[in-house]
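# Residue-level structure breakdown
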Amino acid sequence: MSYMMSYIWRTMGRFRKSSSCPDVEDKPFLKALSEKFIYVITAFNLAYPITPWKFKLSCMPRNTTYDFLLPAGISKNTSNLSGHYEALVETKLNSSGTYLSNLSSRTTFHCCFWSEEDKNCSVHADNIEGKAFVSTVNSLVFQQIGANWNIQCWMKEDLKLFICYMESLFKSPFKNYDLKVHLLYLLLEVLEESPLLPQKSSFQIVQCNCSVHECCECHVPVPTVKINYTLLMYLKITSGGVIFHSPPMSVQPINVVKPDPPLGLCMKITDTGNLKISWSNPTLVPFQLQYQVKYSENSTKNMRKADEIVSATSLLVDSVLPGSSYEVQVRSKRLDGPGIWSDWSTPLTFTTQDVIYFPPKILTTVGSNVSFHCLYKNENKIVSSKKIVWWMNLAEKIPQSQYDVVGDHVSKVTFPNLNATKPRGKFTYDAVYCCNEHECHHRYAELYVIDVNINISCETDGYLTKMTCRWSPSAIQSLVGSTLQLRYQRSSLYCSDVPSIHPISEPKDCHLQRDGFYECLFQPIFLLSGYTMWIRINHSLGSLDSPPTCVIPDSVVKPLPPSSVKAEITVKIGLLKISWEKPVFPENNLQFQIRYGLSGKKVQWKVFEVYDAKLKSASFPVPDLCAVYAVQVRCKRLDGLGYWSNWSTPAYTIVTDIKVPIRGPEFWRIINEDNTKKERNVTLLWKPLMKNDSLCSVRSYVVKHHTSRNGTWSEDVGNHTKFTFLWTEQAHSVTVLAVNSIGASSANFNLTFSWPMSKVNIVQSLSAYPLNSSCVILSWMLSPSDYNLMYFILEWKILHEDNEIKWLRIPSSVKKYYVHDHFIPIEKYQFSLYPIFMEGVGKPKIIDSFTQDDEKHQHDAGLYVIVPIIISSSILLLGTLLISHQRMKKLFWEDVPNPKNCSWAQGLNFQKRMDIL
């Protein structure tokens, strides 16, 4: 830098030696040289450093005194200001820029920058005379007036716009000319030993907006990344044909930032009874701010004003009284460096109520203890704390044992071990009233008590890649305006014995499901880490946390369901066998549950447990071997941790033959005799075997014959249930076998047809009694016999009709039997009872009507059908009458008012007779 300065002085010296008094034709060269000197001086920090407050620029000719322009302490004679800043003034008479040749005078102007904060006008400057070239008329103006401006420059809070505001100290004498002001600027990064000098072409120019009152505002755009650069500038003022160039000025925009006024000014009574004044910044700035707060208090007791500077965005004012009025304003400024105070915020007025609760609202949890404080003002007088009583919801007086006297006027009430607030209509809180001895103010405090015991359940998927946690907000739904958030903290390994809420935690996004639960997903997961989580309830009254719970993902695994599930009924053994494959994850030992049931729309499940982790199959008996069973399997860790998996896809058994049929079918015969040919044709009848007897199907039926003459032979009749053969010998035995894919039935019924045995009569009497249209009671008596009686066959049919004969098998020990069928009361029936012996079929006992001794049952059998119909009709008629009665009552009494809903009818006894006057 010293090298460059010496270069400038040498150049300037050569110029002075060559021409001590330049001619008119040398003036353009002098003008250009003087302009370069302005830039050179500015580049070497000889420009005036702009201050963060308003300053004055005063430029006056030499040997001129202006007492009204300079402040006290500064010389009034400009001859004493040599060595200060100098200005260049020139006059152009036309646009060509030619100069007058007959100059009447030559004037040197000196400039001084000063302000109320700094009245010392002793800024360093080299002793360089500035030359002023003016016309004869205008020279007198500048000699008498000079240039005098109030200037303030600042950077807007958004750090994008630099503003300079200028105001003339007195009116311009050039009333016939327009005032134009331009600001020329250059942004330079501070570089030491820089050999380059800024040229005139490097400066950018902006036109300033000027009003008729000679107030101008110049806007310079500054990139945010260059707010730490040095801004070089000077003013170019044109008025009345005179162009005035101010001395150069310099500033770093970051040092003159003027924040916007604070926003969101707010006042409220705190929980401790203080007045809290708070505000916020309109935008973010790259440095901390300080704030100046001025407020005034007006109350019945006193009045006070205060002015405080704080670094926080709030201020507490103590000793707040009921019925007081406060007015507040705030402004801001940079804290740790130079800057400009913002404008004052809009005034805010706050008036305290006659009854002050602090806190006015409390949000707490079940089982906690809370306290309210109260200040009570009645008729401009603060009530003594000893005369204050407390009520809950204006219905329950709080015992005085819960009161405390905090001061002469402050009363305190404490609520221990609180229960959850029960919503009362639209009110979701309890109203706490602070009252005078004999009256209560309408204002109250609000108490919200919430049960925050929220159950968080987590589940790790079978692939061990993610953990899903669910929780229900039902307990918090009564707290209007609250938001819920799951927060968690992960430890490196396992959980602590007692989970606790960590000061450093992370939020987790949870999404509301259709079932009303929130669901949160953790992915990826650390299987052995402990995830401590809780629900944070955020509300304008504060935040509450549910009791924390700790979850290890490895301990809450829900495995994948077993795969390759198969089900079958084992052949010959007859057990339900189920097999499966265990899932790949987790690698722990697993227990299994099997559920099975008959396949259908609604399966009645039965559960079978398997605790052996090595087993992959299980067998157990089932009641019906010929039914289709649905089977599912699920699994869980054998140590009991985690969850049961989902049930596997159902597997179904296939109905196949398991064993040979348990028995052959029961059968009977119809005998048709041909007297001409003396032959008897026997037709065997049987019912198809049920699945439980056939195990599980019948491929065919086989009739096995045996006679003394022809021996034994068999005939396959397929799936028919009727077979006719010729009975020719004295005794003919037949057996009907059922055959499936496994083999023929082992236990079968035999029937022997014998001529001699058909005459054996042991049934002495047979009686039939109709019980109703669907049941008839038969009873009989037997005579002694030497034959081996096996069972009875009972036949019945409608008499004199060729209807199909119905029959059934009755054990030999039974003497009375209930026959269930659809009996027509007006018909006559034939009943036949055959004794079946080992040796053959005996002689039947046949009756053609119901027993004559029971005429009532015989003649009035139709009553069993008619009586139920009469009873049903009576019930239906009674119901119809009741419904009609209610409708008629509603029709005739609809317009009659209810006395309970009429104000005029309250207290009247409508059952008591009242005489009409």
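In the nomenclature of an unreviewed UniProt entry, the chain is known as Leptin receptor of Neophocaena asiaeorientalis asiaeorientalis. According to its UniProt record, the chain has this under Subunit (unreviewed entry): "Present as a mixture of monomers and dimers. The phosphorylated receptor binds a number of SH2 domain-containing proteins such as JAK2, STAT3, PTPN11, and SOCS3. Interaction with SOCS3 inhibits JAK/STAT signaling and MAPK cascade."

This part takes up the overall build of the chain. Assigned secondary structure in the chain consists of 6 helices and 61 strands. Contacts in the chain between residues far apart in sequence, at least 24 positions, make up 66% of those at least 6 positions apart. Working note: accessible area of the chain is about 51500 Å², and carbon and sulfur atoms make up 52% of it.

Side chains of Leu493, Tyr494 and Leu528 sit close together on the surface and give an oily, nonpolar patch of about 290 Å² of accessible area. Turning to its location among the elements, leucine 528 is positioned in the loop between β37 (518-522) and β38 (531-539).

On to the sheet that holds strand β54 (residues 750-754). Strand order in this open sheet of 4 strands is β51-β50-β53-β54, and the pairing throughout is antiparallel. Of all strands in the sheet, those bounded by a partner on one side alone are β51 (711-718) and β54. If you compare each strand with its neighbour and ignore which way they point, the axes differ by 20° on average. Where strand β53 (residues 731-739) and β54 come together, 5 bridges link them in antiparallel fashion. Note on β54: the bridge partner recorded for valine 734 is leucine 751.

Let's shift gears to the side chain of threonine 428. The topology assignment puts threonine 428 in the loop between β29 (411-415) and β30 (430-435). For threonine 428, the contacting residues outside a window of four places in its chain are Thr421, Pro423, Tyr448 and Ser478.

Here the focus is the state of the cysteines. Applying the stated rule across the entire model yields 9 disulfides. The residue that forms a disulfide with cysteine 208 is cysteine 218, at a sulfur-sulfur distance of 1.8 Å. Given an S-S torsion of about 105°, the disulfide between cysteine 208 and cysteine 218 has right-handed geometry. Pair noted here: cysteine 208 is in the loop between β8 (204-207) and β9 (209-210) and cysteine 218 is in strand β10 (residues 215-221), with a separation of 10 residues, a long-range link. There is no split in this pair, since cysteine 208 and cysteine 218 are both buried. Between the sulfur atoms of cysteine 458 and its disulfide mate cysteine 469 the distance is 2.0 Å. Handedness of the cysteine 458-cysteine 469 disulfide follows from its S-S torsion of about 105°: it is right-handed. Of this pair, cysteine 458 sits in strand β32 (residues 456-460) while cysteine 469 sits in strand β33 (residues 467-471), and the two are 11 residues apart along the sequence. For cysteine 458, a relative accessible area of 3% puts it in the buried group.

For the rest of this paragraph, the subject is the nonpolar core. In terms of nonpolar packing, the biggest core is built from 64 residues, with Phe162, Met166, Leu183, Met233 and Trp279 touching the most fellow members. Sorting elements by how many residues they give to this core places strand β5 (residues 147-156) first, with 6 residues. Ignoring any residue separated from it by four or fewer positions in sequence, one finds phenylalanine 162 in contact with Cys153, Trp154, Met155, Cys218, His219, Val220, Val222, Leu231, Met233, Val251 and Val256.

With that settled, the discussion passes to unusual backbone geometry. Here the residue pair phenylalanine 358 and proline 359 is connected by a cis peptide bond, since its omega of -5° sits within 30 degrees of zero. The omega angle of the peptide bond from leucine 695 to cysteine 696 is 15°, so this bond is cis rather than trans. As for its placement among the helices and strands, cysteine 696 is situated in the loop between α4 (691-694) and β50 (700-707). A positive phi angle, close to 60°, is found at leucine 159, a residue other than glycine. With respect to the element layout, leucine 159 can be found in the loop between β5 and β6 (161-168).

A few words on the sheet that holds strand β48 (residues 667-674). Spatial strand order, β48-β49-β52: 3 strands in an open sheet with antiparallel pairing. The sheet is open, and its two borders are formed by β48 and β52 (722-727), each paired with just one other strand. Averaged over all neighbouring strand pairs, the angle between strand axes comes to 25°, with direction disregarded. With 8 bridges connecting them, β48 and strand β49 (residues 679-686) associate as antiparallel partners. Counterpart to isoleucine 670 in the pairing with β49 is threonine 683.

Following the criterion strictly, the structure yields 13 salt bridges and no others. In this structure, the salt-bridge partner of arginine 637 is aspartate 639, at a minimum N-O distance of 2.6 Å. Glutamate 666 is the partner of arginine 809 in a salt bridge, and the nearest nitrogen-oxygen pair spans 3.6 Å. Taken together, the residues arginine 809 in strand β58 (residues 806-811) and glutamate 666 in the loop between β47 (651-652) and β48 connect sequence positions 143 residues apart. The exposure class of arginine 809 is partly exposed, given its relative accessible area of 34%. With relative accessibility at 28%, the residue glutamate 666 sits in the partly exposed group. By sharing partners, the salt bridges in this structure join Arg470, Asp515 and Glu519 into a single network.

Moving on: the side chain of glutamine 591. Relative to the assigned elements, glutamine 591 resides in strand β43 (residues 590-598). Only 3.2 Å separates the side chain of glutamine 591 from the backbone oxygen of arginine 637, close enough to count as a polar contact. In contact with glutamine 591, other than residues within four places in its own chain, are Val610, Tyr611, Arg634, Cys635, Lys636, Arg637, Leu638 and Trp644.

A few words on the packing of aromatic side chains. One pass over the structure, following the stated rule, counts 27 aromatic pairs. Both rings, one in phenylalanine 823 and one in tyrosine 829, keep their centres 5.2 Å apart while their planes meet at 80°; by these two values the pair is edge-to-face. For the pair shown, phenylalanine 823 and tyrosine 829 are each scored as buried. In textbook terms, an aromatic cluster arises when at least three aromatic residues are bridged by ring pairs, as seen for Phe427, Tyr429, Tyr433, Tyr444 and Tyr448. When the ring centre of phenylalanine 522 is taken as reference, the NZ or CZ atom of lysine 508 above it lies at 4.9 Å. For arginine 595, the ring lying beneath its charged end belongs to tryptophan 605, and the centroid distance is 4.3 Å.

Within the fold, serine 345 resides in the loop between β20 (325-334) and β21 (348-351). Measuring from C-alpha to C-alpha, the distance between serine 345 and valine 330 comes to 5.4 Å, with 15 residues separating the pair along the chain. Non-local contacts of serine 345, meaning those with residues more than four positions away in its chain, are made with Pro261, Pro262, Leu265, Gln329 and Val330.

Turning our eyes to something else, we now look at the pairing of strand β39 (residues 542-545). Strand direction decides the pairing type here: β38 and β39, joined by 4 bridges, are antiparallel. Across the sheet, histidine 539 pairs through a bridge with glycine 542, a residue of β39.

Across the chain, the average pLDDT comes to 80, with 79% of residues at or above 70. Mean pLDDT values over the elements of the chain span from 34, in helix α2 (residues 27-43), up to 97, in β32. Across residues 73-106, confidence stays below pLDDT 50; counting only partners more than four residues off in sequence or on other chains, it has 101 contacts. Segment residues 910-917: pLDDT under 50, and 2 contacts once partners within four positions in sequence are set aside and those in other chains are kept.

Note that tryptophan 644 resides in the loop between β46 (629-637) and β47. As a C-alpha pair, tryptophan 644 and phenylalanine 592 span 52 residues in sequence and 8.9 Å in three-dimensional space.

Here we come to the environment of aspartate 461. Checked against the element boundaries, aspartate 461 lands in the loop between β32 and β33. The buried category is assigned to aspartate 461, whose relative accessible area is 15%. Spatially, the C-alpha atom of aspartate 461 lies 6.6 Å from that of proline 559, the residues being 98 residues apart in sequence. Aside from chain neighbours lying at most four places away, what touches aspartate 461 is Lys466, Val557 and Lys558.

Definitions and limits used
Residues numbered from 1 in each chain as written. Predicted model: local features only at pLDDT ≥ 70, side-chain atom pairs only at ≥ 80, totals over all residues. Heavy atoms only, no water. UniProt positions renumbered as here; feature names shortened; annotations may be inferred. Helix = DSSP H or I, 4+ residues; strand = E, 2+ residues; numbered from the N terminus. Contact = heavy atoms within 4.5 Å. Areas by Shrake-Rupley, 256 points an atom, 1.4 Å probe, with all protein chains shown as cover. Patch = residues over 30% accessible without salt bridge, like charges linked within 9 Å, V, L, I, M, F, W, Y side chains within 5 Å. Salt bridge = Lys/Arg side-chain N within 4 Å of Asp/Glu carboxyl O. Pairing = 2+ DSSP bridges. Axes fitted to C-alpha atoms, helices over the stretch in contact; angles between N-to-C directions. Disulfide = S-S within 2.5 Å. Buried < 20%, exposed > 50% of the residue type's maximum accessible area, 1.4 Å probe, protein only. Core = buried A, V, L, I, M, F, W, Y, C linked by side-chain atoms within 4.5 Å. Polar contact = N/O pair within 3.5 Å; in protein donor to acceptor, adjacent residues only side chain to side chain. Phe/Tyr/Trp six-rings, centres within 6.5 Å; stacked < 30°, edge-to-face > 60°. Lys NZ or Arg CZ within 6 Å of the ring centre and 35° of its normal. pLDDT = per-residue confidence, 0-100.

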